[in-house]
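# Examining the three-dimensional arrangement
Next come the chains, spelled out residue by residue.
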Amino acid sequence: MREILLYHKKSLTVTVLLVAAMILFWQFFAMWIGKTIQNTLVQRVEQQLTGRLVVGDIDLTLSGRVRVRNIFLYDQQGNLLAKIPVMKMLYRWTDLTGGSLGLAQVENVTVQGSEIWLTEENGQFNWDGLLHSQPSGEQNFHSKIEFESGKFHLQSGQIDKTVEDVKGSLAFVNSPDMEVNLQGKVTQSVINVQGHWGKTPGELTLKTSAVELNDLSELFSSLPLSYVDGGRLENLTVVAAQDEQKALHIKAQGDFAGLNIAGKLNIRDGQGKFTGDAGGIQFSEVAMLLYGQQAVGQGTIDFKDNKKALNMSFTLPDADPAALVTGLTAQRPLAVQIQISGQLMEPEIKGAFSLPQISFTGMAVDAVSGSFHFRDNQIALQDVKGTFQQGQLTAAGAVYVDNQSYELDVSGSNLESSRLTDKDVQGPLSFTGHVSGRGEEAITKGNFAIHNGKAYGITFQQLTGFFVKRGTAMELSDLAVRTAFGTFYPEQLSQEVLDRLKKNEMPAAEEELKRAVAEKLIKQIFR
């Protein structure tokens, strides 16, 4: 029994000594590996850099990976390009034991918790020119770099974003060109980047299923007239390509939904498709609520030559008139076509409209159509036409959006006078006037004339006067009637009729008849 215990004791002692020897050997081997990498690989990389590389500890893990801690990479100006807390490099054991620890022998690289700063300005990246020209015959890195929980800080133009939780790989099979396959998160949006980049013409494609516009608010700081206060981009694809002359070209396409723009345009629930590049943005299949009314449209924003020109067209097929101008009674549908064009910051808004009927100051006008021009919170109406009492009405003037009042010049022709009054008056009526005010409280003033008409069976050549219309109440003044016997005025009509009848030496019976007719005309028409 004692011999067995002694045997096991000796075996245990030998085992402990072997383990201790192996640990000691491993420590020396790891130290040698770290020193070899420091003296070969790190120095070689530093010699190829135009910037500066700072490396912390280097050791060998039990899995056979070379672990490098606290790596900092700077450009020529001393700006930080990358910070890597932990980087692991995998070599073949034959290369490890043989001391072949160059870039070409690295089979795989894993970086953990890395932060990388990528800045673009005028088509140039902060990483450009980081490496010296590759010496002839120099072996390149032909493996893959895998990222675990990294961060990319991106800055380009007005974009300044941090992509977090970066995972994926950069493959250098055809070094120095690289194949990119990365995924990360911007706020709550997951983005994917794939493609190739390097000395040959490269192309990277960024895709994301959805991104909130509020997260890209810096992109909309120069939008016209208003500001974006809600919405999202969906199915977004951005392609960045570099041609043989190293010029950078960026294109984007996708959908937008839930777009809200406050200000003069007052857009809600906008949706549609877009494509864009450095030359501008094209919008199609656009649908939205414009001032609460359903609208569809399309258009472009032109960025060429720094013009920032806008060219958009919208159609409102069935708008509610009361939502646009109060104080008017109108029949739907109100169809409106809107054209927005000109400089991005001060566009011109104009269009055309039509509707079955509109009523104001007691008049119902049918088949109304016209054009408008919107500027400085004022709608200028032009070429407005409609039919009224078998005649034609026209109008032009301004509608003030702030208080919903209007100042309009109106005219009418060939109106049937018998349908405008309960008096026994017939004949085509024409008028010109000015409408001022708001809704039914508006006041219309002007001049009118009835040509070749009759009043209570008496024929006249022309009846003219001045009128003031307040709501349904009408006031007449400066009346004159031109007949075959001359022109008569209400305050003079009876006496002048008598005088002219006497001058014409008509029989008394006839004189009395005409005087009675004249007096009846006065009483019935002008009372």
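Let me sum up the structure you'll find in this document. The residue numbers shown here count from 1 along each chain, following its written sequence. Owing to the predicted nature of the model, reporting of local features is limited to residues with pLDDT of at least 70; listing and counting of side-chain atom pairs is limited to 80 or more, with chain, interface and lining totals taken over all residues. Hydrogens and water are ignored here; the side-chain numbers use all heavy atoms of the structure.

Scanning the chain from terminus to terminus reveals 5 helices and 31 strands. Residue burial in the chain is summarised as follows: out of 527 residues, 39% are buried. Sequence separation of at least 24 residues holds for 40% of the intrachain contacts in the chain that already meet a minimum separation of 6. In the structure as shown, the chain presents an accessible area of about 29,500 Å², 53% of it carried by carbon and sulfur atoms. Helix and strand assignments come from DSSP, with helices taken as H or I runs of at least 4 residues and strands as E runs of at least 2, each series counted from the N terminus. Only protein chains enter the accessibility calculation, which uses a 1.4 Å probe. A residue is then buried if its area is under 20% of the maximum for its type, exposed if over 50%, and partly exposed in between. Every residue pair with non-hydrogen atoms within 4.5 Å of one another is taken to be in contact. Per-residue accessibility takes into account occlusion by the displayed protein chains alone, with areas from the Shrake-Rupley method and a 1.4 Å probe.

Bringing the environment of Gln339 into the picture now. Tracing the backbone through its elements, the reader meets Gln339 in strand S20 (residues 334-343). Distance from Gln339 to Ile349, taken between C-alpha atoms, is 5.8 Å for residues 10 residues apart in sequence. Contacts of Gln339, omitting those with residues within four sequence positions, involve Asn311, Met312, Ser313, Glu348, Ile349, Lys350 and Gly351. A polar atom in the side chain of Gln339 sits 2.6 Å from the side chain of Asn311. Here a polar contact is recorded for every N or O atom pair within 3.5 Å, except that within protein the pair must consist of a potential hydrogen donor and a potential acceptor, and residues adjacent in sequence are included only if both atoms are side-chain atoms.

With that settled, consider the environment of Gln404. For Gln404, the position within the fold is in the loop between strand S24 (391-400) and strand S25 (405-416). With a relative accessible area of 12%, Gln404 lands in the buried category. Sequence separation between Gln404 and Gly437 is 33 residues; the distance between their C-alpha atoms is 8.8 Å.

Okay, the packing of aromatic side chains next. Here is the rule: rings of Phe, Tyr and Trp (six-membered ring for Trp) pair when centre to centre is within 6.5 Å. Planes less than 30 degrees apart are stacked, more than 60 are edge-to-face, and the remainder are tilted. Counting across every chain of the model gives 4 aromatic pairs. Relative to Phe152, the ring of Phe147 has its centre 5.8 Å away and its plane inclined at 80 degrees; by these criteria the two rings are edge-to-face. Like Phe152, Phe147 is buried. Above the face of the Tyr74 ring, Arg52 is positioned so that its terminal group lies 4.4 Å from the ring centre. In this scheme, Lys NZ or Arg CZ marks a charge over a ring once it lies within 6 Å of the ring centre and within 35 degrees of the ring normal.

With that settled, the discussion passes to the pattern of salt bridges. We define a salt bridge as a contact between a side-chain nitrogen of Lys or Arg and a carboxyl oxygen of Asp or Glu at a distance within 4 Å. Per the counting criterion, the structure on display carries 4 salt bridges. The partner of Asp255 in a salt bridge is Lys273, and the shortest N-O contact between them spans 3.3 Å. Of the two residues, Asp255 sits in strand S14 (residues 248-263) while Lys273 sits in strand S15 (residues 267-277), which places them 18 residues apart along the sequence. Residue classification places Asp255 among the buried positions, given a relative accessible area of 18%. Among the residues examined, Lys273 registers a relative accessible area of 34% and is labelled partly exposed. With a shortest N-O distance of 3.3 Å, Arg332 and Asp318 are connected by a salt bridge. Of this pair, Arg332 sits in the loop between strand S19 (329-330) and S20 while Asp318 sits in strand S18 (residues 309-319), and the two are 14 residues apart along the sequence. Using a relative accessible area of 45% as the deciding quantity, one classes Arg332 as partly exposed.

Ranked by size, the top nonpolar core spans 58 residues in total, and within it Leu233, Ile338, Phe353, Leu381, Phe431 and Phe448 carry the most contacts. Contact partners of Phe431, with chain neighbours within four places excluded, come to Leu393, Val410, Ser411, Gly412, Leu415, Asn447, Phe448 and Phe467. By size, the runner-up hydrophobic cluster in this structure holds 34 residues, among which are Val68, Leu73, Ile116 and Leu182. As used here, the term nonpolar core means buried Ala, Val, Leu, Ile, Met, Phe, Trp, Tyr and Cys residues forming a set that is joined through side-chain atoms within 4.5 Å.

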